[in-house]
Amino acid sequence: MAHPFTRWFGRTPAPPEARAHPPARWFGRTPVPPEAKASRAQAAVTLSFVGRPVWTPRDYGALAREGFQKNAVVHRCVRLVAEAAASLPLTLLDRGRVVPEHPLLALLARPNPREGGTRFLESLYGHLMVAGNAYVEGVAVDGVPRELYALRPDRMRVVPGPDGWPAAYDYTVGAETVRFAARGDGPPPILHLTLFHPADDHYGLSPMEAAATALDIHNAAGAWNKALLDNAARPSGALVVGAATLTDAQFDRLKEELEASYQGALNAGRPLLLEGGIDRKPLSLSPRDMDFVEAKAAAAREIALAFGVPPLLLGLPGDNTHANYAEANRAFYRQTVIPLARRTADALAAWLGSAFGEGLTLEPDLDAVEALADERESLWRRVSAAAFLTDDEKREAVGYGRRSNALSPP
């Protein structure tokens, strides 16, 4: 099989001593040696209506900016899911038998020189939570993946083929685009992970997009409260002029003085000095109109619901007892983290299995989850008390394989 550099760019590889800077290699300059590994995607890095609500656009950049970067609830939900799923150890099975050491496990433990396995998986899960899509580039040497890179979803585009299925993937940064073929010899260069989207054949639906309305309400409530604090927690009053009419110059002067001397938190409570003929009429809001705390709490709960995170884990108001927290943590792992980790492990094993051998599967090691310790202890107690089961059957019942070359006692 031809060297990857020859397949991608149609040139003859240079001798080992001819090493060029990565951008020069990727875009038509000095080629790299055959044994060199590099990410091709990194090469591309060279460089309202009146009376109607204004919603955040449903695109990756806007959701990442307004959600993950500016909203504490979204930020914590994404971090909580990504870190919990990435911290689950993966167990490699070869036709049902545990394999303690394998090149595939070594690759996942250190996917590339810049990242460890946990950091790599955390980026992958984070992309899924923010964009609903995650992309992994596999850099292969002689048909065997040697490095894995998590690519940004906003830079990737699916190129459908005549049959409607993806024929290629375009990774674009600025004016540079790298195309990856979706099919070829060995594992495809790109693994595309998606969350379920009922109306799109190629892209997934982000939980943040489903919670976008609650996200905007939460951000708007925070901005409103901030504005009230800047104005001494009360709305501005009205300045009433008697029978006289202010000239444009007087109006501009009065406005400038109010903005300079009486606006903002530092000027809260300062007495207002008025000239003759001008009277201030204070305005007020009812306590119900100013109660944005409940509105923010309701919006935060909707955001947590979309991400599958129990509100208790985010510190939101509720039944914050130790027993309830333990139950919420257990439900978080069972309903959100473990299904996500299993789908991702299955996709990685299916993608890389053809290069490392058929029959390989990846499973999250649930024994490492502290939140499930009580369930695990209960299972072991019930299985141990089952006298009609052999030792090997008991081991299989709790998720362990049979002992090799060992006979169970009668």
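Nothing here was measured: the structure is a model prediction, and the numbers come from that model.

Time to look at the overall build of the chain. Scanning the chain for helices and strands turns up 14 helices and 11 strands. Counting all 410 residues of the chain, 37% fall into the buried class. Counting only carbon and sulfur atoms, one obtains 54% of the accessible surface of the chain, whose full area is about 23500 Å².

The topology assignment puts Arg179 in strand S7 (residues 176–181). By relative accessible area, which is 49% here, Arg179 ends up partly exposed. On a C-alpha basis, the gap between Arg179 and Met156 in space is 9.6 Å, while along the polypeptide they are 23 residues apart. At a separation of 2.7 Å, a polar atom in the side chain of Arg179 contacts the side chain of Asp170.

Along the chain, the position of Asp142 falls in the loop between strand S3 (133–141) and strand S4 (144–151). Residue classification places Asp142 among the exposed residues on the basis of a relative accessible area of 61%. Through-space distance from the C-alpha of Asp142 to that of Gly186 is 9.6 Å; in sequence the pair is 44 residues apart.

Bridge analysis of S3 against S4 gives 7 bridges, and the strand direction is antiparallel. Note that in S4 the partner of Tyr135 across the bridge is Leu151. In sequence, S3 turns back onto S4 through a hairpin of 2 residues, with Asp142 there showing a positive phi of about 55 degrees.

What follows deals with helix H11 (residues 293–307). End to end, H11 covers 21 Å across 15 residues, agreeing with the expected 21 Å (1.5 Å per residue, within 8%). All buried positions along H11 are accounted for by Ala297, Ala299, Ala300, Ile303, Ala304 and Phe307. Projected onto a plane normal to the axis of H11, the buried residues spread over an arc of 165 degrees and lie on a single side. Counted as exposed and oriented over 90 degrees from the buried face of H11: Glu294 and Leu305. The positive-phi residue at the C-terminal boundary of H11 is Gly308, with phi of around 75 degrees.

In terms of nonpolar packing, the biggest core is built from 66 residues, with Tyr125, Phe307, Val309 and Phe332 touching the most fellow members. With 14 residues, helix H12 (residues 322–356) is the largest single contributor of residues to this core. Counting 13 residues, the second-largest nonpolar core is a separate cluster that includes Leu151, Tyr169, Ala182 and Ile190.

Time to look at the sheet that holds S4. On the basis of which strands lie adjacent, the open sheet formed by 3 strands has the order S4-S3-S8 and antiparallel pairing. If you trace the sheet from one side to the other, it starts and ends with S4 and strand S8 (190–194), each paired once. Direction aside, the axes of adjacent strands within the sheet are offset by 25 degrees on average. Strand contacts of helix H6 (residues 117–131): S3, S4 and S8, with the helix running at about 145 degrees to S3, the strand carrying the most contacts.

Right, let's talk about the side chain of His192 for a bit. Summarising the element assignment, His192 is placed in strand S8. Overall, the relative accessible area of 17% leaves His192 in the buried class. Reaching out from His192, the side chain makes a polar contact with the side chain of Asn133 at a distance of 3.0 Å. One polar contact links His192 to Tyr135, side chain to side chain, over a distance of 3.2 Å.

There is a patch of like negative charges on the surface, built from Asp248, Asp252, Glu256 and Glu259. When you line up the elements, Glu256 lands in helix H9 (residues 248–261).

Contact pair helix H4 (residues 72–86) / H6: the axes reach a minimum separation of 8 Å and the direction vectors enclose 140 degrees. What the angle tells us is that H4 and H6 run oblique. When you trace H4 past H6, the crossing you get is right-handed. Contacts between H4 and H6 involve Val78, Arg79, Val81, Ala82, Glu83, Ala85 and Ala86 on the former and, on the latter, Thr118, Leu121, Glu122, Tyr125, Gly126, Met129 and Val130.

Let us look at the environment of Leu312. In this structure, Leu312 sits in the loop between H11 and H12. Put simply, Leu312 and Glu327 are 15 residues apart on the chain and 9.8 Å apart in space, counted from C-alpha to C-alpha.

Rules of the game
- Residues numbered from 1 in each chain as written.
- Predicted model: local features only at pLDDT ≥ 70, side-chain atom pairs only at ≥ 80, totals over all residues.
- Heavy atoms only, no water.
- Helix = DSSP H or I, 4+ residues; strand = E, 2+ residues; numbered from the N terminus.
- Buried < 20%, exposed > 50% of the residue type's maximum accessible area, 1.4 Å probe, protein only.
- Areas by Shrake-Rupley, 256 points an atom, 1.4 Å probe, with all protein chains shown as cover.
- Polar contact = N/O pair within 3.5 Å; in protein donor to acceptor, adjacent residues only side chain to side chain.
- Pairing = 2+ DSSP bridges.
- Expected span 1.5 Å × (residues − 1).
- Arc of directions from axis to C-beta.
- Core = buried A, V, L, I, M, F, W, Y, C linked by side-chain atoms within 4.5 Å.
- Axes fitted to C-alpha atoms, helices over the stretch in contact; angles between N-to-C directions.
- Contact = heavy atoms within 4.5 Å.
- Patch = residues over 30% accessible without salt bridge, like charges linked within 9 Å, V, L, I, M, F, W, Y side chains within 5 Å.
- Salt bridge = Lys/Arg side-chain N within 4 Å of Asp/Glu carboxyl O.
- Lys, Arg positive; Asp, Glu negative; His and termini not counted.
- Charge placed at Lys NZ, Arg CZ, Asp CG, Glu CD.
- Parallel < 35°, antiparallel > 145°, perpendicular 65-115°, else oblique.
- Left-handed = near helix turned anticlockwise from the far one by under 90°.

Spatial relationships are all this shows, so hold off on functional conclusions.
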